[in-house]
Amino acid sequence: MVATSVNRTALHPGGVQPSKGHTELEEELHETAHIDYDRVSIIANPSVPALYEDALVYETGTAVTSSGALSAYSGAKTGRSPSDKRIVQEASSEGDIWWGPVNKPMTLDVWRINRERAVDYLNTRNRIYVVDGYAGWDERYRISVRVVCARAYHALFMRNMLIRPKREELDHFHPDYVIYNAGSFPANRFTEGMTSATSVAINFADKEMVILGTEYAGEMKKGVFTVLYYEMPVKHNVLTLHSSANEGENGDVTVFFGLSGTGKTTLSADPKRKLIGDDEHCWTDTGVFNIEGGCYAKCIGLSAEKEPDIFNAIRFGSVLENTVFDPVSRVVDYDDATLTENTRCAYPIEYIENAKIPCVSDNHPTNIILLTCDARGVLPPISKLTPEQTMFHFISGYTSKMAGTEDGVTEPQATFSSCFAQPFLALHPMRYAHMLAEKIKQHKVNAWLLNTGWVGAGATTGGKRCPLKYTRAILDSIHSGELAKAEYETYATFNLPVPTSCPGVPSELLNPEKSWTASTSFKDEVTKLAVLFNENFKKYSDEATPDVLAAAPQV
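Residues numbered from 1 in each chain as written. Predicted model: local features only at pLDDT ≥ 70, side-chain atom pairs only at ≥ 80, totals over all residues. Heavy atoms only, no water.

**Details of the sheet that holds strand β9 (residues 199-203)**
To keep it simple, the criterion reads: Whether two strands pair depends on DSSP finding at least two bridges between them. A run of H or I in DSSP becomes a helix once it reaches four residues, and a run of E becomes a strand once it reaches two; helices and strands are each numbered from the N terminus. Where helices are involved, their axes are fitted lines through C-alpha atoms of the stretch in contact, as for all axes, and angles between N-to-C directions lie from 0 to 180°. Working rule for contacts: check all heavy atoms of both residues, and any pair within 4.5 Å makes them a contact.
Taken together, the 8 strands give an open sheet; going across it, the order is β1-β6-β7-β8-β10-β9-β4-β5, and neighbouring strands pair in mixed fashion. A strand with exactly one partner marks an edge of an open sheet, and here the two such strands are β1 (41-44) and β5 (104-106). For this sheet, the mean inter-axis angle between neighbouring strands, taken without regard to orientation, is 25°. The pairing of strand β4 (residues 85-88) with β9 spans 3 bridges and is parallel. Residue pairing across strands places Ile-87 opposite Ile-202, the latter belonging to β9. On the sheet, helix α5 (residues 152-161) packs against β6 (127-135), β7 (143-149) and β8 (177-182) and is oriented at approximately 10° with respect to β6.

Structure, rendered in structure tokens:
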């Protein structure tokens, strides 16, 4: 096997010997980044089998599982490192960027040091991989992205997550943005502004991203997402959304907002509806389009019974990340969280049988669903939101940060993430919120708050997560229009309209007070959460309208 792989790397990815001299891509990498093509074998846009071969031969911890997926290990970092994210402070973008705890500035001098460090590392490799693709299915707005990396697993991951160009498009591909992933090599902790050996930095002027000190593949995906959070509103007046989306038989579109772990991927994979995408979208003047060419699904607790679409997508060409499998049978144990709670699989979106290809809808959303995973167990499973409540909860972005999603998070933590996307926002949250409010008003969209978290009690007081079958029953009632016609009662403190009944869901489950079993006081737990909401919203109160402020919980 080793001899075959080594021999193959000397060939063009299609198996054809390259012409004498250097390719246009090699010359471009040499000119823009000083990649030494005389020393490093540059493997451009290799096939899936070729990437499998290299991963198995050259990378430790890789294997082929019983379903045919490639299993890989991301090293010490098994989640994102948001505290190590930096934006280069430069004249063209600094007036638009939301500076603060999310977007910390990096000087141009430090950027040059880190970029040089990444390129120097890539030049020490025997082989590096180049993957070219698009972000955005709507050709009016898509950007071209090039990934330069040292691991075959990273190349396959981004081959799945970007939209794959046709062969003739690759022949003349020139990137708008380039990612240099040298994640196996650390940043210098003593460089000014570094807080650790990890650095994830974006330069909007040079249109580049540099990764050091983390091999977690999700950093590349979310880096592209941050780019779209900047490019789309600033340059095109298009709203970027941390959401999944699907479309019914009648063309009705549902958009699901939510942080990782709240159910965006699971709930959008509905056999009765076409999947537009599972995580990242844009809302234009004509409809909705998916940013990505693949899905990045959480795998913990995955089963064929609960999530058949995702389970069946894990096959040859998919990348399993940090999962545990039987060494003999190679069958994956999706309940095993030994390496991390944040086990993942990246697969092309066409692996979902009912995916809508191309991933664009010419219809505006009919329903917007704000997903939260409330570990306290006090938010109702479903609430119908007024326009003002929609804005309040969108700006608040409450959920419980789930274990493993970020480095160091080992149990659910209450968190507020503005626009359900705070780690990825490039601009101030109110810019996105105002854009969303205008679109909801213009297109008369129904909005809902759906809690996929705990019911009966909190995560630490004996509660359990709302069964998926009940959540799906709620969604079915939303899509049929039946839930909008139900009788509602007001849920105190949060003043949320809650249905008294829903087909397929026990009525007592719909109101948390009626299903409460914990020994702690229900009213006290509700009040504690309400206070957290109001404290968090203070930082937005000076820019919020009076009717949005009035939608806050009343304590």
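Let's pick the thread back up.
**Topic: the pairing of strand β16 (residues 294-298)**
The cut-off we apply is this: A simple rule labels every residue: compare its accessible area, found with a 1.4 Å probe on the protein chains alone, to the largest value its type can have, and call it buried under 20%, exposed over 50%, or partly exposed in between.
With respect to burial, β16 is a largely interior element, 5 of its 5 residues being buried. Where burial is concerned, the two faces of β16 agree: the one with Gly-294, Tyr-296 and Lys-298 and the one with Cys-295 and Ala-297 are both buried.

**Some thoughts on the side chain of Thr-284**
By the element assignment, Thr-284 lies in the loop between β14 (280-283) and β15 (288-290). Discounting residues that sit within four places of it in the chain, Thr-284 has contacts with Asp-138, Arg-140, Tyr-141, Val-238, Phe-289, His-364 and Lys-439.

**What to know about the sheet that holds strand β17 (residues 319-321)**
Taken together, the 5 strands give an open sheet; going across it, the order is β2-β3-β17-β20-β16, and neighbouring strands pair in mixed fashion. Looking at strand neighbours, the two that pair on one side only are β2 (63-64) and β16, the edges of this open sheet. Relative to strand β3 (residues 70-72), β2 is paired through 2 bridges, and the arrangement is antiparallel. Residue pairing in the sheet places Ala-63 in a bridge with Ser-71 of β3.

**Things to note about the pattern of salt bridges**
Oppositely charged side chains can pair when the atoms bearing their charge come close. Heads up, the condition is: Here, a salt bridge means any side-chain nitrogen of Lys or Arg that lies within 4 Å of a carboxyl oxygen of Asp or Glu.
Applying the stated rule across the entire model yields 26 salt bridges. As a salt-bridge pair, Asp-109 and Arg-112 come within 3.0 Å of each other at their nearest N and O atoms. Of this pair, Asp-109 and Arg-112 are both found in helix α4 (residues 108-123), 3 residues apart, which corresponds to roughly one turn of the helix. When the shortest N-O distance is used, the salt bridge between Lys-221 and Glu-280 registers 3.2 Å. Here Glu-280 lies in strand β14 and Lys-221 lies in helix α7 (residues 218-236), a separation of 59 residues in the sequence. Relative accessible area serves as the criterion here: at 3%, Lys-221 is assigned to the buried category. On the accessibility criterion, Glu-280 (0% relative accessible area) is buried. Taken together, the salt bridges that share partners define one network made up of Lys-221, Lys-222, Lys-264, Asp-279, Glu-280 and Glu-292.

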